[in-house]
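Below, each chain spelled out in residue letters.
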Amino acid sequence: MKTTEAITKRILNLCDERNITPNKLGTISGVEPSTITSIFYGKSKNPGIVTLKAICDGLEITLYDFFNDDLFKNNDLDD
């Protein structure tokens, strides 16, 4: 799995856990919905750390919490 795919899956899982839509995520995180959509559909090949931090802030988690998931513990992630 590519790193960007793992990031997308993690965001989707967090949205599902909180029962929020991508648009709602954009609203609560201050990230443009088009940016969220670009991440979800693989158009964003390299979501920046500032964007991920804003998403984490909106979800009320830390970057550590975001990456402290089995999706990222696999050493087989591709760039």
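Residues numbered from 1 in each chain as written. Predicted model: local features only at pLDDT ≥ 70, side-chain atom pairs only at ≥ 80, totals over all residues. Heavy atoms only, no water.

Engineer: Honestly, the packing of helix H2 (residues 22-29) against helix H4 (residues 49-59) in this entry has me stumped. Any pointers?
Structural biologist: Two quantities define a packed helix pair, namely the angle between the helix axes and the distance between the axes. At a minimum axis distance of 8 Å, the contact between H2 and H4 shows a crossing angle of 95°. The pairing of H2 with H4 is recorded here as roughly perpendicular in orientation. Between H2 and H4, the residues in contact are Leu25, Ile28 and Ser29 and Ala54, Ile55, Gly58 and Leu59, respectively. (Axes fitted to C-alpha atoms, helices over the stretch in contact; angles between N-to-C directions. Helix = DSSP H or I, 4+ residues; strand = E, 2+ residues; numbered from the N terminus. Parallel < 35°, antiparallel > 145°, perpendicular 65-115°, else oblique. Contact = heavy atoms within 4.5 Å.)

Engineer: Is there a simple way to think about the confidence of the model for the protein chain in this case?
Structural biologist: Should pLDDT be low for a region, the predicted coordinates there are not to be read in detail. When pLDDT is averaged across the protein chain, the result is 90; 95% of the residues are at 70 or more. At the low end of the mean pLDDT range in the protein chain sits helix H6 (residues 70-73), at 88; at the high end sits helix H5 (residues 63-67), at 97. (pLDDT = per-residue confidence, 0-100.)

Engineer: Any chance you could explain the nonpolar core here in plain terms?
Structural biologist: With 19 residues, the main nonpolar core has Ile11, Leu25, Ile55, Leu59 and Phe66 as its most contacted residues. For this core, the elements supplying multiple residues, two or more each, are helix H1 (3-18), helix H3 (33-40), H4 and H6. The greatest single-element share of this core, amounting to 5 residues, is contributed by H1. Among all residues touching Ile55, those that are not within four sequence positions of it are Ile11, Leu25, Ser29, Val31, Ile36 and Ile39. (Core = buried A, V, L, I, M, F, W, Y, C linked by side-chain atoms within 4.5 Å. Buried < 20%, exposed > 50% of the residue type's maximum accessible area, 1.4 Å probe, protein only.)

Engineer: Hey, could you run me through H4 in this one?
Structural biologist: Residues that lie three or four places apart on an α-helix share one face, since the helix turns once every 3.6 residues. Taken together, the buried positions of H4 are Leu52, Ile55, Cys56, Gly58 and Leu59. Along the axis of H4, the buried residues cluster in a sector spanning 160°; they form a single face. Its buried side turned inward, H4 meets H1, H2, H3 and H5. Two residues or fewer after H4 comes Glu60, characterised by a positive phi angle close to 60°. (Arc of directions from axis to C-beta.)

Engineer: Explain the pattern of salt bridges here, please?
Structural biologist: When the charged atoms of two side chains with opposite charge come close together, those side chains can pair. Enumeration according to the criterion identifies 3 salt bridges in this entry. One salt bridge connects Glu17 with Arg18, and the closest N-O pair in it is separated by 3.6 Å. Judged by relative accessible area, Glu17 falls into the exposed class, the value being 58%. Judged by relative accessible area, Arg18 falls into the partly exposed class, the value being 34%. (Salt bridge = Lys/Arg side-chain N within 4 Å of Asp/Glu carboxyl O.)

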